[in-house]
Amino acid sequence: MKPERQEYEGHPIELREREGEFELRIDDVPVGYGQHPDGMYFLHEYAYDPTDNLMGLAQKFINYRSKADQIRRDRESEKGGK
Amino acid sequence: MRRRKNYRDLTDVERDDFVQALYRLKSDGVVDQLADEHATFFNQGIHRSSHFLPWHRDFLRRFEDALRTSRPDVTIPYWNSTVDTSPSDPLWDNDFLGQFDAAWGLRRALGSDTLPTPQRLQNTLGRGTYDTFRRDVENLLHNPPHNWVSGVMASLASPGDPIFYLHHCWIDLLWAQRQLLNPGAPFVSSGPGFGLNDPMTSVGTTPADVLDHRLINLYDYPPGFQPDPPQVLRDTPAM
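Residues numbered from 1 in each chain as written. Chains lettered and ligands numbered in written order. Predicted model: local features only at pLDDT ≥ 70, side-chain atom pairs only at ≥ 80, totals over all residues.

Chemist: How should I be thinking about the overall build of chain A in this particular structure?
Modeler: What chain A contains, in helices and strands, is 1 helix and 7 strands. The C-alpha radius of gyration computed for chain A amounts to 15 Å, which surpasses the reference 12 Å derived for 82 residues by more than 25%, pointing to a less compact arrangement than a globule. Summarising its shape, the C-alpha atoms of chain A cover approximately 55 × 25 × 20 Å along the three principal directions. Counting over 82 residues, chain A shows a buried share of 20%. Sequence separation of 24 or more characterises 21% of the internal contacts of chain A that already satisfy a separation of 6 or more. (Helix = DSSP H or I, 4+ residues; strand = E, 2+ residues; numbered from the N terminus. Rg over C-alpha atoms; globule rule 2.2 N^0.38 Å. Buried ≥ 20, exposed ≤ 12 C-beta atoms within 10 Å, placed from the backbone. Contact = placed C-beta atoms within 7 Å.)

Chemist: In this structure, what is going on with the nonpolar core? I would like to understand it.
Modeler: As a rule of thumb, nonpolar side chains are buried together in soluble globular proteins. Among the nonpolar cores identified, the biggest contains 66 residues, and Ala47(A), Leu166(B) and Cys169(B) are the most heavily contacted of them. For Cys169(B), the residues in contact, after removing those within four places along its chain, are Arg4(B), Leu60(B), Ile76(B), Pro77(B) and Tyr78(B). (Core = buried A, V, L, I, M, F, W, Y, C linked by C-beta atoms within 7 Å.)

Chemist: How should I be thinking about the sheet that holds strand 1 (residues 4-8) of chain A in this particular structure?
Modeler: Note: strands within a sheet are paired through backbone hydrogen bonds, in either parallel or antiparallel orientation. All names here are of chain A. Taking strand neighbours across the sheet as the criterion, the 4 strands line up as 1-2-3-4 in an open arrangement whose pairing is antiparallel. Only two strands of the sheet have a single neighbouring strand rather than two, namely strand 1 and strand 4 (29-30). Summarising the sheet, strand 3 (residues 21-26) and strand 4 pair through 2 bridges and their orientation is antiparallel. Bridge pairing links Ile26 to Val29 in strand 4. This element, helix 1 (residues 54-81), spans strand 1, strand 2 (11-18) and strand 3 of the sheet and lies at about 145° to strand 2. (Pairing = 2+ DSSP bridges. Axes fitted to C-alpha atoms, helices over the stretch in contact; angles between N-to-C directions.)

Chemist: Mind showing me how you'd approach the interface of chain A and chain B here?
Modeler: Where the parts come together, the accessible area they lose is often given as the size of the interface. With 17 residues of chain A in contact, the opposing surface of chain B contributes 15 residues. Within the residue set of the side of chain A that touches chain B, elements represented by two or more residues are strand 5 (33-35), strand 7 (46-51) and helix 1 of chain A. Among the elements that make up the side of chain A that touches chain B, the one with the highest residue count is helix 1 of chain A (5 residues). Here the side of chain A that touches chain B is built from residues that sort into 8 nonpolar, 4 polar and 5 charged. (Nonpolar A, V, L, I, M, F, W, Y, C, P; charged D, E, K, R; others polar.)

Chemist: Explanation requested: the pairing of strand 3 of chain A in the structure shown.
Modeler: Within a regular strand, the side chains alternate between the two sheet faces. Residues and elements named next belong to chain A. Sheet analysis places strand 2 next to strand 3, joined by 6 bridges and oriented antiparallel. Paired with Leu15 across the strands is Leu24, a residue of strand 3. Between strand 3 and strand 4, which follow one another and run antiparallel, lie 2 residues, and Asp27 among them has a positive phi close to 55°.

Chemist: Would you take a moment to explain the sheet that holds strand 5 of chain A for this structure?
Modeler: Residues and elements named next belong to chain A. Read from one edge to the other, the open sheet built from 3 strands follows the order 5-6-7, with strand pairing classed as antiparallel. Each edge of the sheet is formed by a strand with only one pairing partner; in this case those strands are strand 5 and strand 7. Each adjacent strand pair in this sheet contributes to an overall mean axis angle of 25°, direction not counted. Bridging between strand 5 and strand 6 (residues 41-43) involves 3 bridges; their strand directions are antiparallel. Residue pairing across strands places Gly34 opposite Phe42, the latter belonging to strand 6.

Listed below in structure tokens is the structure:
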């Protein structure tokens, strides 16, 4: 793993090294992650899509979060319309 | 003997008893305690290893034991996520699990991922060895419903959402079905420390202790499966 920064769908993703530890940040907010003994990564809030590439997992999470947020917004607007 | 069945087959009284027992465990702190335990040990062998299925079988039993302290007849029902695939299914009605979303702050977003198909289920049940079966069960049948529900259910602390238990009850049923289809098939260890007689993370129980689900509960099987003694007692080394 090495420090890295990229933009994905308008969201900055960054792997920042701090005192020997790597911090994952999306939209400049720290995102908790971990690793299984077989090396696969997971995110604390998106733990069931294990992936061997942390930056790739961050991209998948951005897509997933976008869809989930849209579903919640649609649900709220449906409630408001009733 | 406990009998677990599809949530659709619960009587009105059984549904209400289950809901009331859930509220009791939440107020007693048990729900959050078990969610914390799952989060703490998430990547210490309870997933992505041969202990995935037996550890969760034991976890379900502990939760069910706790439920039954206030409602002795309660058992955990199961959610077959290849059949009940819609957010408008009765599973999510406000008089059943729907009410917990707001009450417990679960932040669900039903439909956030793709649920497994019946064909995928049949393919998985046909896997020849425990090793290939448990990999496919975890990756292809177990993971997607966590993400489909979203919110707490997609996180390390997923047992904070009661749907976790209905989902894992179905996963456990699949393991029981697979044992019926493959009597005598050995338990296959995924590596050192993950054998049939190795204590599982966070508990002293071994897979051998829970291998025969009938020592814990019976299931109402889907059509085509006759309850028959699973006999899976021999360990094999990691592949």
